[in-house]
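Below, each chain spelled out in residue letters.
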Amino acid sequence: MKHTVNRSYLAILSIICLIVCINSCSQSFEDSGDYKFVLIDSIRLNIPVEPHFVEVKKSNDKILLYSRINSTFYVCNSLGEIILEHVRIGEGPGYYNKSVYQAGLQNEQLVIQDLKKIYKYNLKGDFLEDITYQPAFVYSSSGNIKNGLNSLNDSLIINPLAYSGAVTFNSNKLAAIDTISTLDLINTITGQTYDAPMNIRFEPNSIYKQDLVYPKFLPLVDITEEETIIIAYPYEQRLYEYGLTDNRLELINTIDFNLDQFKLPRGVKEDELTKGVNPILSKNAGLNSSILKIFGTKGKEAFILYSTGVPDRYEAEQALGKYYKESKLLGGLIKDGTLISSGIEIPNNGFEYMNEFQISYWGGNQWAFIQDNQEEQDYYQIYIYNLVLTD
């Protein structure tokens, strides 16, 4: 009788384990596979001067746009209606330097950072205050405002490097490695700055340890919904996850992945470099596959935006122009520490040249893309898509 009970017990336990296994496998199957963007709506922007997204995400149903043509910030609601049109370049209280480093929406305020101060305005455009901070590095900016604020909380922001001359020449490469391994944190209330070392030790076979020089070195940074900091570098297929405790970064996880159509980068030798504007590095930037931007999305999920680069059949003596169309923007989706899909096509609605500043994450499965209005010349449209798992 005892053996019969044990056999029955084991049979029931086996059935339970089988059911759990099936459910687990089913869940894994549902979360993996091919993803695509499906158009659900569009919004007309009454901004005729090449706007781009400043921040990678919506902030309380508001979006911040910028046009380099007229150096103007636009705060819009989710319908594309302009709430604030703002430009205040000059000298004196409330006026910022033309070399703006980054900007964003924080606590229902427009926050603009130039090379010395952080300026705050309400959404009517009224100047509220400025805070002087001590930058960790000497920055240079083209004025295109391609950096949005990464807010860790209501007062602390990440201050990623916009530009570093240390990466231009091979002799400064070790200095560049030190520079790109540190995040600068700024308190937007006191102006106090903190150095937060990422403690990244590049492997001996990393391109950052080799003799060749590459055009893109600077880290890509974002924050997940669970307030972990994610960091990636343009040419290395690896994602770093950090937590922040007492203004100190703590490495939580390192995720290696293999993106579809991502090829090894090309560098140049030091003797190929020239001072000043360097066409060789610019050309290499177009040739290479590279990670362009990372998005912390739902929970701890992350979306990786990358370009495939110019095809390998390109010859050095040829013009790059005809090959640029073959350089695609693609996406990869990371969930639970694993790349579950890559090679996700970025929609363009017939717009020939897309870039990473035309893309914004709007929460849930929703994404937004700025493109030319296809019906009205000189106006722009935000196309809204859902990222969905294909059948």
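Further up the page is the structure itself.
Not measured: the values here are computed from a predicted model.

Trainee: Hey, could you run me through the sheet that holds strand β11 (residues 156-159) in this one?
Mentor: In sheet architecture, strand pairing relies on hydrogen bonds along the backbone and comes in two forms, parallel and antiparallel. Reading across the sheet, the four strands line up as β10-β11-β12-β13 and stay open at both edges, with antiparallel pairing between neighbours. Looking along the sheet, the strands with just one partner apiece sit at the ends: β10 (150-151) and β13 (193-197). Pairing geometry for β11 and strand β12 (residues 182-187), over four bridges, is antiparallel. Bridge pairing links asparagine 159 to aspartate 184 in β12.

Trainee: Would you mind showing me how to read the pattern of salt bridges here?
Mentor: Pairs can form between side chains of opposite charge whenever their charged atoms are close. One pass over the structure, following the stated rule, counts 10 salt bridges. A salt bridge links arginine 68 to glutamate 50; the nearest nitrogen and oxygen atoms lie 3.2 Å apart. Separated by 18 residues along the polypeptide, arginine 68 in the loop between β3 (62-67) and β4 (72-77) and glutamate 50 in the loop between β1 (35-45) and β2 (51-53) bring together distant segments of the chain. On the accessibility criterion, arginine 68 (46% relative accessible area) is partly exposed. Residue classification places glutamate 50 among the partly exposed residues on the basis of a relative accessible area of 37%. Its salt-bridge partner being aspartate 61, residue lysine 58 comes within 3.4 Å of it at the nearest N-O pair. The class of aspartate 61 is partly exposed, set by a relative accessible area of 49%. The network of salt bridges with common partners includes Lys263, Arg266 and Asp312.

Trainee: Just checking my understanding: could you explain the pairing of β13 for this structure?
Mentor: Consecutive side chains along a regular strand alternate between the two faces of the sheet. Here β13 shows one buried face, formed by Tyr194 and Ala196, and one open face, formed by Thr193, Asp195 and Pro197. Where β12 lies against β13, five bridges are found, and the strand directions are antiparallel. Bridge assignment links aspartate 184 to a residue of β13, and that residue is aspartate 195. In textbook terms, the turn of a hairpin is the stretch between consecutive antiparallel strands, and for β12 and β13 this stretch comprises five residues, one of which, glycine 191, has a positive phi near 85°.

Trainee: Could you clarify how one ought to interpret the pairing of strand β9 (residues 127-132) in this entry?
Mentor: Across five bridges, the pairing between strand β8 (residues 117-122) and β9 is antiparallel. By the bridge assignment for β9, tyrosine 121 is matched with phenylalanine 127.

Trainee: Mind showing me how you'd approach the environment of isoleucine 334 here?
Mentor: Relative to the elements of secondary structure, isoleucine 334 occurs in strand β20 (residues 329-335). For isoleucine 334, a relative accessible area of 2% puts it in the buried group. Once the C-alpha coordinates of isoleucine 334 and leucine 239 are considered, the two residues, 95 residues apart in sequence, prove to be 9.5 Å apart. Not counting chain neighbours up to four residues away, the residues in contact with isoleucine 334 comprise Leu239, Ile255, Phe257, Glu301, Ala302, Ile304 and Leu339.

Trainee: Looking at this structure, I do not really get the layout of surface pockets. What am I missing?
Mentor: The gaps of empty space that remain are located by a probe, the size of a water molecule, rolled over the atoms. Its boundaries defined by the atoms lining it, the second largest pocket holds a volume of some 340 Å³. Around the second largest pocket, the lining is made up of 14 residues, and of these Asn205, Ser206, Tyr235, Glu236 and Gln237 lie nearest the centre. Split by residue class, the lining of the second largest pocket holds six nonpolar, three polar and five charged.

Trainee: Can you help me understand the packing of aromatic side chains in this one?
Mentor: Each aromatic ring pair is summarised here by two numbers: the centre-to-centre distance and the angle between the ring planes. Tallying each qualifying case throughout the model produces 15 aromatic pairs. Each member of the aromatic cluster is reached from another via a ring pair, and the members are Phe37, Phe295, Phe303, Tyr361, Trp367, Phe369 and Tyr385.

Trainee: Is there a simple way to think about the environment of threonine 132 in this case?
Mentor: Relative to the assigned elements, threonine 132 resides in strand β9. In this structure the C-alpha to C-alpha distance between threonine 132 and glutamine 113, which are 19 residues apart in sequence, comes to 9.8 Å.

Trainee: Got a minute to help me understand the side chain of glutamine 237 in this structure?
Mentor: Summarising the element assignment, glutamine 237 is placed in strand β16 (residues 236-245). With sequence-adjacent residues up to four places away left out, glutamine 237 is seen in contact with Ile255, Asp256, Phe257, Asn258, Leu259 and Phe262.

Definitions and limits used
Residues numbered from 1 in each chain as written. Predicted model: local features only at pLDDT ≥ 70, side-chain atom pairs only at ≥ 80, totals over all residues. Heavy atoms only, no water. Pairing = 2+ DSSP bridges. Helix = DSSP H or I, 4+ residues; strand = E, 2+ residues; numbered from the N terminus. Salt bridge = Lys/Arg side-chain N within 4 Å of Asp/Glu carboxyl O. Buried < 20%, exposed > 50% of the residue type's maximum accessible area, 1.4 Å probe, protein only. Contact = heavy atoms within 4.5 Å. 1 Å grid on protein atoms, 1.4 Å probe; cavity = no way out; pocket = protein on both sides within 12 Å on 5 of 7 lines; lining within 4 Å. Points joined across faces, edges and corners; volume = space filled by probe spheres on them. Nonpolar A, V, L, I, M, F, W, Y, C, P; charged D, E, K, R; others polar. Phe/Tyr/Trp six-rings, centres within 6.5 Å; stacked < 30°, edge-to-face > 60°.

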